[in-house]
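# Working through the structure, step by step
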Amino acid sequence: MNDPAYHYDGPLGAELTEDGRTVFRLWSPVARWVKVLLYRSDTTDEIFRICPMARTEEGVWECEFPTLLVNVYYQFEVNVDGETYVTGDPQAKACGANSARSMVVDLSTTDPEGWDRDKAPARGTEDIIYEVHVKEFSWDSAGGFPEEWRGKYMAFTCPNTSLNGEGRVPTGVAYLKWLGVTHIQLMPVFDYGSVNETGRQEAFNWGYDPVNYNVPEGSYATDPHDGNVRIRELKSAVMALHKAGFRVIMDVVYNHSFSLDGPLQWTVPWYFYRVTEDGGISNGSACGNDTASERYMCGRFILESVLYWAEEYHMDGFRFDLMGLHDVGLMNRIRLSLNEWFGPGEKLIYGEPWRAGDTAFENQAISADKGHVLDLAPGIGIFCDDTRDALKGSVFEAADTGYVNGKPGMEQEIARGVRAWSGAAEGGSRLYADNPDRIITYVTAHDNHTLWDKLKVTTKERSLRVRQNRLAAAICLTSQGRPFMLSGEEFLRTKNGIDNAYRSPIAINRLDWQRAYAERDMADYYRGLIALRKRLPAFYDKSDAAPGRIHLVETDRGIVCFLADNRGGEGPWPELLVIYNANDHPVSDTIPEGRWQVLADGTDSWRWKGQGTERRMECATLTVAPVSAMVLGRVPE
Ligand code: CA
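Cut-offs used in this document
- Just so you know, the residues in each chain are numbered from 1, in the order the chain's sequence is written.
- For this predicted model, a pLDDT threshold of at least 70 governs which residues receive local features, and a threshold of 80 or more governs which side-chain atom pairs are given and counted, while totals over whole chains, interfaces and linings are taken from all residues.
- As a convention, hydrogens and water are excluded, and side-chain values are obtained from all of the structure's heavy atoms.
- Being paired, for any two strands, means DSSP has found at least two bridges between them.
- Think of it this way: any DSSP run of H or I at least four residues long counts as a helix, any run of E at least two long counts as a strand, and we number them from the N terminus.
- Throughout, an axis means a line fitted to C-alpha atoms (over the contacting stretch in the case of helices), and angles, computed between N-to-C directions, take values from 0 to 180 degrees.
- Whether two residues touch is decided by their heavy atoms; if any such pair falls within 4.5 Å, the residues are in contact.
- In the analysis that follows, any N or O atom pair within 3.5 Å is treated as a polar contact, provided that within protein one partner can donate a hydrogen and the other can accept it, and provided that, for residues neighboring in sequence, both atoms belong to side chains.
- Aromatic pairing here means that ring centres of Phe, Tyr or Trp (its six-membered ring) are within 6.5 Å. Orientation follows from the plane angle: under 30 degrees is stacked, over 60 is edge-to-face, and everything else is tilted.
- Working rule: Lys NZ or Arg CZ, within 6 Å of ring centre, within 35 degrees of ring normal, means a charge sits over the ring.
- Only protein atoms enter the calculation, which uses a 1 Å grid: trapped sets of points that fit a 1.4 Å probe without letting it out are cavities, open sets showing protein on both sides within 12 Å along at least five of seven lines are pockets, and any residue with an atom within 4 Å of a point is a lining residue.
- Grid points are joined across faces, edges and corners, and a volume is the space filled by probe spheres set on the points.
- Side-chain classes follow a simple rule in which Ala, Val, Leu, Ile, Met, Phe, Trp, Tyr, Cys and Pro form the nonpolar group, Asp, Glu, Lys and Arg form the charged group, and the remainder, Gly included, forms the polar group.
- Throughout, exposure labels follow a simple rule: accessible area from a 1.4 Å probe, protein chains only, divided by the maximum for the residue type, with under 20% read as buried, over 50% as exposed, and the rest as partly exposed.

### What to know about the sheet that holds strand β18 (residues 439-441)
- With parallel pairing, 8 strands are arranged side by side around a closed barrel as β10-β11-β14-β15-β16-β17-β18-β19. Within the sheet, the average angular offset between the axes of one strand and its neighbour, ignoring direction, is 30 degrees.
- Two strands pair when backbone bridges link them, and strand β14 (residues 247-252) and strand β15 (residues 317-320) are joined in this way by 4 bridges, in the parallel orientation. Across the sheet, residue Asp251 finds its bridge partner in β15, namely Arg319.
- Most of the contacts of helix α6 (residues 328-342) go to strand β16 (residues 348-351), to which it runs at about 165 degrees, and overall it touches β15, β16 and β17 (380-383).

### Some points on the environment of Asp89
- Within the element layout of this structure, Asp89 appears in the loop between β8 (83-87) and β9 (102-103).
- Linking Asp89 and Phe76, residues 13 residues apart in sequence, is a C-alpha distance of 6.8 Å.
- Excluding its chain neighbours within four sequence positions, the residues that come into contact with Asp89 are Gly13, Ala14, Leu26, Tyr74, Phe76, Ser102, Asn212 and Pro263.
- One polar contact links the side chain of Asp89 to the main-chain amide nitrogen of Gln91, over a distance of 2.8 Å.

### Focus: the packing of aromatic side chains
- Per the counting criterion, the structure on display carries 37 aromatic pairs.
- Among the aromatic residues, ring-to-ring pairing joins Trp27, Phe190, Tyr213, Tyr254, Tyr271, Phe272, Phe301, Tyr308, Trp309, Tyr313 and Phe320 into one connected group.
- In this structure, Lys235 packs its charged tip against the face of Tyr313, placed 5.8 Å from the ring centre.
- Here the guanidinium or amino end of Lys347 rests over the ring plane of Phe342, the centre of that ring lying 4.5 Å away.

### Digging into empty space enclosed by the protein
- Under the counting rule described, the total for this entry stands at 3 cavities of 30 Å³ or more.
- For the largest cavity, the calculated volume is near 110 Å³.
- Taken together, Leu12, Leu26, Trp27, Pro90, Gln91, Leu264, Thr267, Phe272, Met297, Arg300 and Phe301 form the lining of the largest cavity.
- Elements supplying a minimum of two residues to the lining of the largest cavity: β2 (22-27), α4 (263-267) and α5 (296-312).
- It is α5 that contributes the most residues to the lining of the largest cavity, 3 residues altogether.
- Classifying every residue of the lining of the largest cavity by side-chain character gives 8 nonpolar, 2 polar and 1 charged.
- By volume, the second largest cavity is sized at about 60 Å³.
- In this structure, the second largest cavity is lined by Tyr442, Val443, Cys476, Leu477, Pro483, Phe484, Met485, Glu489 and Tyr526.

### Looking at the pairing of strand β11 (residues 183-186)
- Going residue by residue along β11, you find His183 and Gln185 tucked away on one face and Ile184 and Leu186 tucked away on the opposite face as well.
- Note that strand β10 (residues 129-132) and β11 share 4 bridges and pair parallel. Bridge assignment links Ile129 to a residue of β11, and that residue is His183.
- The pairing of β11 with β14 spans 4 bridges and is classified as parallel. What sits directly across from His183, in β14, is Arg247.

Here it is, written out as structure tokens:
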């Protein structure tokens, strides 16, 4: 199978031809015979046609029907090594309920009204990424979503939802607009296996267990049986988010499959998955298997899938789960292909630069992990666990603390995070990224404790936790890199202390829209920082020159203080002075000569909006409250 003679670049899957035929193609050099089975429904057992497929030279099996079999369900029956498997098509673009039967789809009929005019909004000065799960987003009945769309793709098409439907407090998409984030990262929306699509509505999983990599998940659709519906509804969600001013990023999990009992394995056993030298199953994903991205046809499969989602669903970016399980070569081909198709950097790419365990790479493939950032093509970013853990403690030890919640000696780490671990450190040694474009700056994502739950473990007093939370937010939003946040982080989201809620009840995972209202002070603090950041090139600059904008003044005694060259933006402040104080007491210091305006402090992130001289100070001593940040802008003379 690794013989280049079997490297195939032609079409696969079900093709509807312009002259009215339907052609099925499956790549399986090892099969003795393959048949295609046709069904009229995704639930009844009745097969209405069985057709043997013919083998071509590259190991592709093909069969053709003289009519358009639109909306017909199909499976392949594959005989390999004396075993016969009945399986869906690994290349399926549509399927029936619960993944088993693929469906022939005419994609042109799945476009919602207006899709041909759908266009992503122009990007502003900064991308602020907000991580959302489709079901979590709209499950809470207090969110005011239409009952039949709660937990569904279609909830994103409601631009004006409000708390309890009272028309007063925005929820859903209207809330996201209020908050000011720019990119919505959808947790996995391709078909996964852990939720029964025809079972109870409240069934929940994060969805990191893909089955059909090119089909939307059915449990988020209003009808999981008709393969057209989930496609149309996901497209509707993307279009509505675009219309509301957001770009959409897709969380893609190509590193493993829900189960080895699946289409990739059944059609070509052990080709698409890594095997260890002693014949064991490679399990660097800790989910039972690892796909073999470095193998030709597997790499092709992943690359084409990414391009498909970008083209057919207008996805604006991709977040790669466990990117460290992929090889650098594949990631770079994906980056370059997206650049070629859509323009350089138009589609964002970033991923988790790690694995959950060892993996059995072949052919000296280089892992797309943190140690190989500089081998990745420009425009591939990584989640920065160093800043994340420096801020609030290790994600693996609940009681561990970080800079904001009491660990001493973290000043240097925080200062490196301010420069997004980029450029040259003081003293000349290289940090690990070449520029802040590489770095996703964040403090929490869906994994591990929410920020609030983590702070609850480490800090007893609630009012102190609130200050710690604000300081963490202020540091993230006044550090370079591309800011990212877990949905609800800004309203003290809690999962009741559960640090791995991937299959916890929806009641634990859902966004609590009453809490969003109750904790709107914190959300408003984030909101002000987000709005401010969009005006501060000192932080949003992603160029190689960006780290040079930061000039450290102090990194000691729990204080990180720096001056930042802020020229080049629309704001009136050519220079910034930023002080983080992690101490439980206020600190005072003189500030550099000149006139300074307080832009944000530990409780008010909107001070920059204030008018008049009463908010400006001249050559004064500055006092920074305990566990808080302060941002000042120099006012030109
Ligand atoms: Ca599914």
